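The lines below spell out each chain.
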Amino acid sequence: MAPTGGAIDIGGHQSVGAFLFNDGSGSSTINMSGGTITGNAGIGASKQVGLWATSSQKAVTVTVSGGSITMNAENSSAVTAWAFGSDDAHISLSNMTISTTGNAAPLGDNDEYGTGAAVSSMTQGGAGNASITMLSGSVTTSGDKAQGLLSTALPPLAGDGVNTSTVTLKGGTVTTTGASAMGVFAYSQTSGLATADIDGGTVTTEGDGSYGVIAQSGRTADAYIDMSGGAVITKGDNAAGLYSYIRNAQSGADAKINMQGGSVTTGDSGDPTKGTGSHGLYATTIGSGEAYILVKQSGTPVTINTYGANAHGIFAAPSKAGTATAILQGGTVATAGDGSYGMAAVANPGDVEADFYQGKITTQGDGAHGVYASTGGAGKASINYQSADLTVSGN
């Protein structure tokens, strides 16, 4: 299927602009290089999709290299690729304009995954991987809980799977304005990795609880974010720029962030009441694994800025028995709010380590420590400080 021009308007409940379903052994492909698809918010209309490809056995690929898709009904998506067999579901985006305006259902609510995200890739066969790659263009959502780019790996109906979820952003813009509306979201409910790879482009979120980039694992695999370029900006409260999270109390998996280039900004430099609790980089687990953050400038400049209160620049903090490691080996970290540490490693009772080897940390608020490590129980705490630049100016 290859739409190259013209216009498609849809208005009914659960209607799709172009729907490809394959129940056989062949692969499924949709290519869109031009034209427009519009979903209209009629009375009772919801759960519309612009482009949707589904296969029960083999791989699914949706490529959008031009044109525009606008969805106005509640709980609606612009592009969806789902694979329920053993092969992959992949979406490739470039030179297109995508926007959605409706609110979305919470992830996993009533077994709904991906409903209401602007772009959604999902696998549930146990082996095939879900992925999204964005090279250029724009993706915009304005509804609450309406994710920008969402990749989901679910287990098969019986047992566990090793299928992974990956989102790669190399260019373009992803913008969300609603509450709890993540810009980029890689989610795994299997033993496969959840990975967000930010190499370029710009991610902006404006609502409270709207993380810029999140990798989340709900089983036994790590959650991993790698950033080597581009910009991530969040403006709401409790909206971390990069957020890696293990959501399984029985898991020993690690929440990891590796930042080698680019910029992360949370809050508003002109309004200190915004961005409260919005850490720049935040890794956490409710299991027994490690919350690990490494910031190492490798050619491309690294900058991390937070402006709200209690908004740490780098924050590794498991909530239960895990360990925490935060390392800064280059780049600039600046916090402006009260109680906003430059970098912190916090656990109870696990071991913690905060290492400041190179780079610059500046804090301006009251009670805003430059480097902080804390634990309880039998945990060990350490700070390693070498030839680095540290300025603390608050009370």
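Scroll up to find the structure this text is about.
As a starting point, this report considers the structure included with it. Model, not experiment: these values are computed from the prediction. (Residues numbered from 1 in each chain as written. Predicted model: local features only at pLDDT ≥ 70, side-chain atom pairs only at ≥ 80, totals over all residues. Heavy atoms only, no water.)

### Observations concerning the sheet that holds strand 23 (residues 242-246)
Stage number 1. Strand order in the open sheet made by the 12 strands is 2-5-8-11-14-17-20-23-26-29-31-33, with parallel pairing throughout. The open sheet terminates on both sides in strands that have one partner only, identified here as strand 2 (16-22) and strand 33 (371-374). Averaged over all neighbouring strand pairs, the angle between strand axes comes to 5°, with direction disregarded. (Pairing = 2+ DSSP bridges. Helix = DSSP H or I, 4+ residues; strand = E, 2+ residues; numbered from the N terminus. Axes fitted to C-alpha atoms, helices over the stretch in contact; angles between N-to-C directions.)

### Brief notes about the packing of aromatic side chains
Stage number 1. Going through the model one piece at a time under the given rule, you end up with 10 aromatic pairs.
Stage number 2. Taken together, a centroid distance of 6.2 Å and an interplanar angle of 80° make the contact between tryptophan 82 and phenylalanine 84 edge-to-face.
Stage number 3. Residue tryptophan 82 is classed as buried on the basis of its relative accessible area of 17%.
Stage number 4. Phenylalanine 84 sits in the partly exposed class, given a relative accessible area of 32%.
Stage number 5. Ring geometry for tyrosine 282 versus phenylalanine 315: centroids 5.3 Å apart, planes at 15°, classification stacked. In this pair, tyrosine 282 sits in strand 26 (residues 281-285) while phenylalanine 315 sits in strand 29 (residues 314-316), placing the two residues 33 residues apart along the sequence.
Stage number 6. A relative accessible area of 12% places phenylalanine 315 in the buried class.
Stage number 7. Clustering of aromatic rings is evident, with ring pairs tying together Tyr211, Tyr243, Tyr245, Tyr282 and Phe315. (Phe/Tyr/Trp six-rings, centres within 6.5 Å; stacked < 30°, edge-to-face > 60°. Buried < 20%, exposed > 50% of the residue type's maximum accessible area, 1.4 Å probe, protein only.)

### Focus on empty space enclosed by the protein
Stage number 1. For the structure shown, the criterion picks out one cavity of 30 Å³ or more.
Stage number 2. Roughly 50 Å³ of internal volume is contained in the largest cavity.
Stage number 3. For the largest cavity, the lining is made up of 12 residues, of which Ala105, Leu107, Gly114, Thr115 and Leu150 are closest to its centre.
Stage number 4. Taken together, the residues of the lining of the largest cavity sort by class into seven nonpolar, three polar and two charged. (1 Å grid on protein atoms, 1.4 Å probe; cavity = no way out; pocket = protein on both sides within 12 Å on 5 of 7 lines; lining within 4 Å. Points joined across faces, edges and corners; volume = space filled by probe spheres on them. Nonpolar A, V, L, I, M, F, W, Y, C, P; charged D, E, K, R; others polar.)

### Digging into the pattern of salt bridges
Stage number 1. For the coordinates displayed, the defined rule picks out four salt bridges.
Stage number 2. With its nearest N and O atoms 3.1 Å apart, the salt bridge here joins lysine 170 to aspartate 199. Of this pair, lysine 170 sits in the loop between strand 15 (165-169) and strand 16 (173-176) while aspartate 199 sits in the loop between strand 18 (194-198) and strand 19 (202-205), and the two are 29 residues apart along the sequence.
Stage number 3. Aspartate 199 sits in the partly exposed class, given a relative accessible area of 27%.
Stage number 4. Note that lysine 256 and aspartate 222 form a salt bridge whose closest N and O atoms lie 3.7 Å from each other. Pair noted here: lysine 256 is in strand 24 (residues 255-259) and aspartate 222 is in the loop between strand 20 (213-217) and strand 21 (223-227), with a separation of 34 residues, a long-range link.
Stage number 5. A relative accessible area of 26% places lysine 256 in the partly exposed class. (Salt bridge = Lys/Arg side-chain N within 4 Å of Asp/Glu carboxyl O.)

### Quick look at the side chain of aspartate 226
Stage number 1. Inspection of the secondary structure puts aspartate 226 in strand 21.
Stage number 2. For aspartate 226, which is buried and forms no salt bridge, the nearest opposite charge comes from lysine 170, at a distance of 9.2 Å.
Stage number 3. If we ignore the near neighbours within four places in the chain, the residues touching aspartate 226 are Ala196, Asp197, Ile198, Asn258 and Gln260. (Lys, Arg positive; Asp, Glu negative; His and termini not counted. Contact = heavy atoms within 4.5 Å.)

### A word on unusual backbone geometry
Stage number 1. Here the residue pair asparagine 348 and proline 349 is connected by a cis peptide bond, since its omega of 15° sits within 30 degrees of zero.
Stage number 2. Counting through the fold element by element, proline 349 comes out in the loop between strand 31 (343-346) and strand 32 (352-363).
Stage number 3. Unlike most non-glycine residues, asparagine 238 shows phi in positive territory, near 50°.
Stage number 4. A relative accessible area of 48% places asparagine 238 in the partly exposed class.

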